[in-house]
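# Breakdown of the fold
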Amino acid sequence: MAKPKIEPKVKRLLDDVEQFRRARPWNEVDEQQLFVVELEGQDEALTGMVVGGDAPGLVVVRSADGYRRMLDWLMADDDEVFEAVDNWGVGWEKRHELDSRFTSILNRGGLRGDKNQRVPYLYARDAHHGSRPLRGAEIQALGDVLRGVMACYKSGRLQPPTPPLCLRRTQRLQIAKGGKLVDVSTVRVPIAPSDAPLPAPILLDPGLADLPRLEQTLAIAATLGPPTRDDLSDMVVLFALDIAGGVIVGDEVVFGDPIVELPTFVETTLHGESGSAGSRVGLPRRILFESTRLFTALTPSLAELDIEAVLEPTHAVFERVDELVVTLHALASARLPDRDAPFLPTLQNTDGEPLEVVNARFFVADHDRCVAALEERGDVESTEYEGEWIWQSDENTMLAHLEMIEDCLEVEVNSKARLDRIRGWIDKIPGVAFVRESVREVADPIFDDSLPPRDDPMETSAELPPEITQQVNAMLEQRILGWIDESVPALGGSTPREACATPSGREKVASMIREMNEPVSNLPSGSFDFDRLKEQMLEELGLGDV
């Protein structure tokens, strides 16, 4: 039986996907970071996002309002929003979990293997339809985008603009045919109204009609909140601004879809109780909206109150949100060290050095000479994967993981001191030059030097020693229970204990506690009883029956 003919275009795409997997950009690139792509010969507007977590990969949305929709998806975490756009995707699945439509492209590219092997999952999705295999022109276009993104990442330029997560400012990658990265720049993206699935209208308190009338125009916007070490990726901040100078008259941090908290936010803002200075009690004449979703949800209730609702996403007042995001990020960065100091124990490797994941990149001018230098060392061993090595100590402790990716040598260690040590001899290899390093927090702690060889690098998990689990649990409990005496923006700056002085405050605090999500997911199943802590907080505040 003749072997199936290998298609060069498909094989090249699979090679590009493998380089993407081995580089693992999701370890360094913020998952909420969107970028727009201008691809030579592609008329469609493209918006890209590197995806991390349990299902890493790349998503490219093909839609004129794709940037707006991706923001809606990030803020609402609503799959219907995402399903309403055309997109391409790169991910990985076990071969036996893919139907023949998706394994056929692997065969055409010459990629074979065991049924349990994780293989590229390459798909296209048309709006409101399920996934389908890539077609001819899509294979070429996705490959070009992937190569351009990798070139941007390898050069250290795939970074969020300032401020990060800003609604109107993002990176633009200009990519020529063949995947050559032509230019990377920061651009302002016009936020056009979207025809994504819209929420049902929400109801406001009819009693608002008794408030005084103001000759005032407000603007309401929602933006992604600042990053935190607690990985609160679903944090959203609602803002109400008086367009006279862009003064903030209301703000509230919410988690998940802002539509859920929108009624309470609007009511407290109009009552002057949102916690921001400058708020006046009363009903404005008009409210401007940037988001189609917020506009649609509120318009019927505002009409009942004789308030004009206007969808005007390009109004200059919304540029004030840019400044607000800068301020939020500055505050978050300033507070993180103090906020997190008691949160986790000080983690160390076996050398007693602070535990942190450090990635370094070296340019390799002579591939064969570098490989020979590595393999000549008695303390460096190759793994079962071609182009991968382990640097280890005499005590059989793993010190570093090394991987050759095209003309780069990628090194991963678990402390800054170890990077200094390995650079002591890598920098001496002829034709090897240091490019850059990056440090990231240990989200899933790598206890003692564990970068072990593995069957699948994408399916590794750290087993926590019992004594470490107990230590983390104790500090988590202390941190969580201490929340009731911390200032909370959603309570107007009051602590939950202080807010319980009023009936409405008691109801809000009880609701907040009961709706809390467990803050960690990397502890062994069943080792952390978060429900018990919530009940303990309710009991402490006398809210058991509220």
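Summarised in this report is the structure supplied together with it. Everything numeric in this text was worked out from a predicted model, so none of it was measured.

### Description of the packing of aromatic side chains
Taken as a whole and judged by the stated rule, the model has eight aromatic pairs. Measuring from centroid to centroid gives 5.2 Å for F102 and Y121, while their planes differ by 75°, and the two rings are edge-to-face. In this pair, F102 is assigned in helix α4 (residues 100-108) and Y121 in strand β5 (residues 118-125), connecting sequence segments 19 residues apart. Its relative accessible area of 18% is what places Y121 among the buried residues. Within the aromatic cluster, the residues linked to one another by ring pairs are F20, W26 and W92. Taking NZ or CZ as reference, R436 lies 5.7 Å from the ring centre of Y153, over its face.

### Looking at the pattern of salt bridges
In this structure the tally under the stated criterion is 23 salt bridges. Linking D126 and R62 is a salt bridge whose minimum nitrogen-to-oxygen distance equals 3.8 Å. Of this pair, D126 sits in the loop between β5 and β6 (131-132) while R62 sits in strand β3 (residues 57-62), and the two are 64 residues apart along the sequence. Judged by relative accessible area, D126 falls into the partly exposed class, the value being 24%. Members of the salt-bridge network, linked through shared partners, are E44, R62, D126, R132 and E138.

### A short note on the nonpolar core
Core analysis: the biggest nonpolar cluster contains 58 residues, and L134, L158 and L173 have the highest contact counts within it. Ranked by residues supplied to this core, first place goes to helix α5 (residues 136-154) with nine residues. If near-sequence neighbours (up to four positions away) are discounted, L134 is found in contact with L13, W88, I105, L122, Y123, A124, I139 and L142. Within the second largest apolar cluster, 26 residues are counted, among which are L208, L211, L238 and L305.

So, how was this worked out
Residues numbered from 1 in each chain as written. Predicted model: local features only at pLDDT ≥ 70, side-chain atom pairs only at ≥ 80, totals over all residues. Heavy atoms only, no water. Phe/Tyr/Trp six-rings, centres within 6.5 Å; stacked < 30°, edge-to-face > 60°. Helix = DSSP H or I, 4+ residues; strand = E, 2+ residues; numbered from the N terminus. Buried < 20%, exposed > 50% of the residue type's maximum accessible area, 1.4 Å probe, protein only. Lys NZ or Arg CZ within 6 Å of the ring centre and 35° of its normal. Salt bridge = Lys/Arg side-chain N within 4 Å of Asp/Glu carboxyl O. Core = buried A, V, L, I, M, F, W, Y, C linked by side-chain atoms within 4.5 Å. Contact = heavy atoms within 4.5 Å.

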